Amino acid sequence: MADFASLVVPTKAGDLRIGGYMCIDSRPSKITDIMRSKTGKHGSVKCHFIAVDIFTDKKREHLAMSTVNVDVPNVVKRDFQLVNIDGMILNT
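Below you will find a few notes about this structure. Remember, predicted model here, so these are calculated numbers, not experimental data.

Cut-offs applied
- Residues numbered from 1 in each chain as written.
- Predicted model: local features only at pLDDT ≥ 70, side-chain atom pairs only at ≥ 80, totals over all residues.
- Heavy atoms only, no water.
- Helix = DSSP H or I, 4+ residues; strand = E, 2+ residues; numbered from the N terminus.
- Buried < 20%, exposed > 50% of the residue type's maximum accessible area, 1.4 Å probe, protein only.
- Contact = heavy atoms within 4.5 Å.
- Areas by Shrake-Rupley, 256 points an atom, 1.4 Å probe, with all protein chains shown as cover.
- Core = buried A, V, L, I, M, F, W, Y, C linked by side-chain atoms within 4.5 Å.

### Quick word on the overall build of the chain
- Counting its secondary structure elements, the chain contains zero helices and eight strands.
- Reading the chain from its N end, one meets helices and strands in the order β-β-β-β-β-β-β-β.
- The burial tally for the chain puts 26% of its 92 residues in the buried class.
- A sequence separation of at least 24 residues applies to 43% of the contacts in the chain between residues at least 6 apart.
- Element-wise, carbon and sulfur atoms account for 54% of the exposed surface of the chain, whose accessible area totals about 7000 Å².

So this is what it looks like as structure tokens:
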């Protein structure tokens, strides 16, 4: 199996959008909501991400400053058609 680091791309938290992906606790998750705070005392916007794990559908949350890099997984979706199970041909 490939090294985990080669499967992700570091991206600024402020560049992420709803419907995109990010890793939370090393788990690939789809972003469902982003709340951004105003610039505060320390000068940068904070992003509060709410996401759903793409394998377990578990809700995850993450808080990061907009200028910090977060890991974005390389997600590839493919559709397949099942045509045979143990010699039985399915009607398509």
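### Focus: the side chain of S66
- On the secondary structure map, S66 appears in the loop between β5 (59-65) and β6 (69-73).
- Exposure remark for S66: the relative accessible area of 18% places this residue in the buried category.

### Looking at the nonpolar core
- Core analysis: the largest hydrophobic core is formed by twelve residues, namely A13, L16, M22, I24, I31, I34, C47, F49, A51, A64, V70 and V72.
- Secondary structure elements with two or more residues in this core: β2 (21-24), β3 (27-36), β4 (46-53) and β6.
- Discounting residues that sit within four places of it in the chain, M22 has contacts with L16, R27, P28, S29, I31, F49, H62, V70, D71, V72 and P73.

### Points about the environment of M65
- Note that M65 resides in strand β5.
- Given the relative accessible area of 36%, M65 is considered partly exposed.
- Here the alpha-carbon distance between M65 and C47, two residues 18 residues apart in the chain, equals 5.9 Å.

Nothing here speaks to function; it is all geometry.
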